Amino acid sequence: MQTRTLGTQGLEVSALGLGCMGMSQSFGPRPPREEMITFLRAAVDRGVTLFDTAEVYGPFHNEELVGEALQPVRGDVVIATKFGFALDEDGKQTGVTSRPDHIRAAVDGSLRRLRTEAIDLLYQHRVDPDVPIEEVAGTVKELIEAGKVHHFGMSEAGVDTIRRAHAVQPVTALQSEYSLFWREPEEAILPALGELGIGFVPFSPLGRGFLTGQVTAATEFGEGDIRASLPRFEGEALQANLALVDLITTVADGKKATAGQVALAWLLAQKPWITPIPGTRRLERLDENLAAADLDLTPEDVAELDSASASVPVQGDRYPEAMQRMIDR
Ligand SMILES: NC(=O)c1ccc[n+]([C@@H]2O[C@H](COP(=O)([O-])OP(=O)(O)OC[C@H]3O[C@@H](n4cnc5c(N)ncnc54)[C@H](OP(=O)(O)O)[C@@H]3O)[C@@H](O)[C@H]2O)c1
């Protein structure tokens, strides 16, 4: 597996990481724990070194799973986790919070569940408008100095916030949504990251499975599938958006690849400091996704995909309104 470097402090990771969220939530029932432990270790055997989790996934279940699975190979992998959501005693999300005392407590909890002495990459999951970002970055800086954290990351943060944070503690990576299904980061985010030397980790790089062709107008999302609540997967919006998948599939057919592979290769072709983290729980899909790192798109392929996406303006928001409001712009 090829590697890429995030940020200017030399965090080296596999060109494609593994998103672990779906092993605990968002895409229906949890698969059996032992199965996922075997699966995570199979990903390591295949050369994946970047594993993405968060305190809030489960909550807690995902960090515990990742911690147990990766304990035997801890020194060989990079574990990224996130703080920043407030949870009530039942584990229900009650909003965002990045108060310094909350960050410190969250990190201690993550270290315990991940069975590790240090978190390789610690993201603020969402910007907290009530806590100045300098205070957040300063708290993470102290945690880095204490040896509990190695690198600082942010998620769905806007350019101004990133610049202010970066001035206090260099940011190694931004993790925000980016794919042929959501290209807004190209406007202001990617130029700023390039200027500052910050790596980019696109989440939902397969558009939550949409770009693989897995979703059709007839798909009925099961219980616990987040896509049932996302406007871009609803009715007429979904119907209109499916035209994009048809166009990507045409390019994929010409490359003897799958639509999902083309979607991932397109992301890798954007910048050498981009490392997508597709999520899956199935070995054959993991193999399919990882093979995208070896799929070379020509400049003509990339141009064809660019014009395909320009011809299908995506309908419907990424998130329901309450979650949409948590995004910092
Ligand atoms: N920072 C944030 O706020 C944030 C938000 C969302 C996600 N994330 C992170 O990003 C990771 C990836 O995002 P995501 O899971 O939302 O979306 P994604 O990676 O774009 O898509 C995942 C979906 O695609 C399916 N899939 C994966 N590979 C496939 C293939 N080759 N063929 C057909 N279907 C395939 C998966 O199903 P199966 O699992 O059944 O294969 C799952 O339903 C997450 O795991 C999480 O770590 C971060």
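Residues numbered from 1 in each chain as written. Predicted model: local features only at pLDDT ≥ 70, side-chain atom pairs only at ≥ 80, totals over all residues. Heavy atoms only, no water.

Turning to the pattern of salt bridges, a few remarks are in order. Applying the stated rule across the entire model yields 20 salt bridges. Glu-156 is paired through a salt bridge with Arg-318; the nearest N and O atoms lie 2.9 Å apart. Here the residue Glu-156 occupies a position in the loop between strand 9 (149-155) and helix 5 (159-168), and Arg-318 occupies one in the loop between helix 10 (299-311) and helix 11 (321-324), the gap between them amounting to 162 residues. The exposure class assigned to Arg-318 is buried, which follows from its relative accessible area of 2%. Glu-321 is paired through a salt bridge with Arg-325; the nearest N and O atoms lie 3.5 Å apart. Judged on exposure class, the residue Glu-321 and its partner Arg-325 are both exposed. Residues joined by salt bridges that share partners form a network here, namely Glu-156, Glu-177, Glu-184, Arg-232, Arg-318 and Arg-329. (Salt bridge = Lys/Arg side-chain N within 4 Å of Asp/Glu carboxyl O. Helix = DSSP H or I, 4+ residues; strand = E, 2+ residues; numbered from the N terminus. Buried < 20%, exposed > 50% of the residue type's maximum accessible area, 1.4 Å probe, protein only.)

Summarising the element assignment, Met-36 is placed in helix 1 (residues 33-45). Take Met-36: its relative accessible area is 1%, and that puts it in the buried class. Spatially, the C-alpha atom of Met-36 lies 35 Å from that of Asp-301, the residues being 265 residues apart in sequence. Among all residues touching Met-36, those that are not within four sequence positions of it are Met-23, Pro-31, Leu-65 and Arg-281. (Contact = heavy atoms within 4.5 Å.)

This brings us to the site of the ligand. Close contacts around the ligand come from 31 residues, with Asp-52, Ser-204, Leu-206, Gly-279 and Thr-280 the closest. Here an oxygen atom of the ligand sits 2.9 Å away from a polar atom, N or O, in the side chain of Arg-126. Coverage of the ligand by the protein amounts to 96% of the 900 Å² it exposes when considered alone. The greatest single-element share of the shell around the ligand, amounting to 3 residues, is contributed by helix 9 (residues 283-290). Of the residues in the shell around the ligand, the class split is 10 nonpolar, 12 polar and 9 charged. (Near = heavy atom within 4 Å. Polar contact = N/O pair within 3.5 Å; in protein donor to acceptor, adjacent residues only side chain to side chain. Areas by Shrake-Rupley, 256 points an atom, 1.4 Å probe, with all protein chains shown as cover. Nonpolar A, V, L, I, M, F, W, Y, C, P; charged D, E, K, R; others polar.)

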